[in-house]
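A structural walkthrough
These are the residues of each chain, in order.
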Amino acid sequence: MSKFPSFYDPSRIGTLYYPDVATIAAEATSAGLKPAVEDKEDVHLVIIDMQVDFCHEKGSLYVPGAIGDIQRTIEFIYNNAERITNITCSLDSHLPHQIFHPAWWADEAGNHPAPFTLITYDDIKQGKWRPLVAPVQSTNYVKTLEQEAKKQLTIWPYHVMIGSIGNALDPELFTAVLYHSIARKTQPTWLTKGSIPLTEHYSIIQPEVPVPNHPMGGKNKPFLDTLSKADVVVIAGEAESHCVLETVEDLVEDFSSQPEALQKIYFLRDCTSPVLHPDVDFHAIAQARFAEFAKQGVNFIDSTDKLPF
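Residues numbered from 1 in each chain as written. Predicted model: local features only at pLDDT ≥ 70, side-chain atom pairs only at ≥ 80, totals over all residues. Heavy atoms only, no water.

Scanning the model with the defined rule gives zero disulfides in all. Its sulfur unpaired, C55 is 11 Å from the next cysteine sulfur, which belongs to C243. (Disulfide = S-S within 2.5 Å.)

Structure below.
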């Protein structure tokens, strides 16, 4: 028998509309699910950056496959609402002037870099690209990124900017999160990240390069503690190749001394898709890293599998 509420309409995924909050709340209240506080097993679902700009075809940084990922995530929530104790949704949240946006950089002729341009430390030294904002700090950042994170700076289209519709969760997914919250009498957590101008912040755990003395410039220790206390951590989200991969990487690193902690992580492999880049096979990179995580104990399952916990 379907566990989907009557208001659920998968055809609306990837579109913009106003959810009927009163109907959602009424059906959630009458669902008869026990309060989450009574759960004997703490199951924490983490949904990474399933926002309009990433998940809608008209979004500024659309991830192909995201609409199907959202549908499977929503249906995972409805099918397992009585088992999911808490839901955390991360919201990538940017400003116009950030180091990975075109306006931060220019070439000798004053042209801004196109989206998906890779900027290296050598490019800056040779004058191919120059930072228009905080030149010393920007140059040091690109150098540090290459030396410590083993990455090059990617210029992205303007995306998920604070105050824009692109920053919002997909409305149908928001509906599922709201339904779960009211039905289980538990608050969802909204975790924002990515607003520090001088660093990238893919992972929901920490920025690419630490920013001392900034409240969001280091590891999110309170959130790590929350996940550490959970019995099961389930992960879905976008994009597989960036924010999802970096988040799982940070969790594996943080829990590496506790094999039992890694074994409680369950990644929904059919609820994520990679960024498509003209030159870089991000999907292959992510899959190679996931294979390494699996050897360390992280579980990879489909959203339709019978829950193995």
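What follows continues from the structure just given.
Under the 1.5 Å per step criterion, the end-to-end length of helix α3 (residues 66-79) is 20 Å for 14 residues, consistent within 8% with the ideal 20 Å. A66, D69, I70, T73, I74, E75, F76, I77 and Y78 are the residues of α3 that are buried. Turning to α3, the residues buried within the fold contact β1 (43-48), α2 (52-55), β2 (86-92), α6 (171-184), β8 (232-237) and β9 (265-268). (Helix = DSSP H or I, 4+ residues; strand = E, 2+ residues; numbered from the N terminus. Expected span 1.5 Å × (residues − 1). Buried < 20%, exposed > 50% of the residue type's maximum accessible area, 1.4 Å probe, protein only. Contact = heavy atoms within 4.5 Å.)

Right, let's get into the pairing of β9. With burial as the criterion, each face of β9 is covered, one bearing I265 and F267 and the other bearing Y266 and L268. Strand direction decides the pairing type here: β8 and β9, joined by three bridges, are parallel. Paired with V234 across the bridge in β9 is Y266. When β9 meets strand β10 (residues 299-301), the two strands line up parallel, connected through three bridges. The residue of β10 that forms the bridge with F267 is F300. Once the chain exits β9 it traverses helix α10 (residues 282-296) before rejoining the sheet at β10, and the crossover so formed is right-handed. (Pairing = 2+ DSSP bridges. Right-handed = clockwise from strand over helix to strand, strands pointing away.)

It is worth spelling out the pairing of β8 at this point. Within β8, six of the six residues are buried, leaving the element largely enclosed by the surrounding structure. By the alternation rule, side chains of β8 split into V232, V234 and A236 and V233, I235 and G237, which are all buried. Note: β1 against β8, six bridges, orientation parallel. Residue pairing for β8: V46 is matched across the bridge by I235.

Considering all chains together, one arrives at twelve aromatic pairs under this definition. Measuring from ring centre to ring centre gives 5.4 Å for F290 and F300, while their planes differ by 50°; the resulting arrangement is tilted. Of the two residues, F290 sits in helix α10 while F300 sits in strand β10, which places them ten residues apart along the sequence. Side by side, F290 and F300 carry an identical accessibility label, which is buried. Through pairs of rings, three or more aromatic residues link up here, namely F4, F7, Y8, Y78 and Y179. Sitting over the ring of F255, K264 keeps its end group 5.9 Å from the ring centre. (Phe/Tyr/Trp six-rings, centres within 6.5 Å; stacked < 30°, edge-to-face > 60°. Lys NZ or Arg CZ within 6 Å of the ring centre and 35° of its normal.)

The next thing to look at is the environment of D122. Tracing the backbone through its elements, the reader meets D122 in helix α4 (residues 121-125). Since its relative accessible area comes to 41%, D122 is described here as partly exposed. Residues D122 and V142, 20 residues apart in the sequence, show an inter-C-alpha distance of 9.6 Å.

Attention now goes to the sheet that holds strand β7 (residues 189-193). Strand order in the open sheet formed by six strands is β7-β2-β1-β8-β9-β10, and the pairing between neighbours is parallel. Whereas interior strands pair on both sides, the edge strands pair on one side only; in this sheet they are β7 and β10. The sheet shows a mean angle of 25° between the axes of neighbouring strands, taken without regard to direction. With five bridges joining them, β2 and β7 adopt parallel strand pairing. The partner of L91 across the bridge, within β7, is T192. Docked against the sheet, α6 engages β1, β2 and β7, running at close to 145° with respect to β2. (Axes fitted to C-alpha atoms, helices over the stretch in contact; angles between N-to-C directions.)

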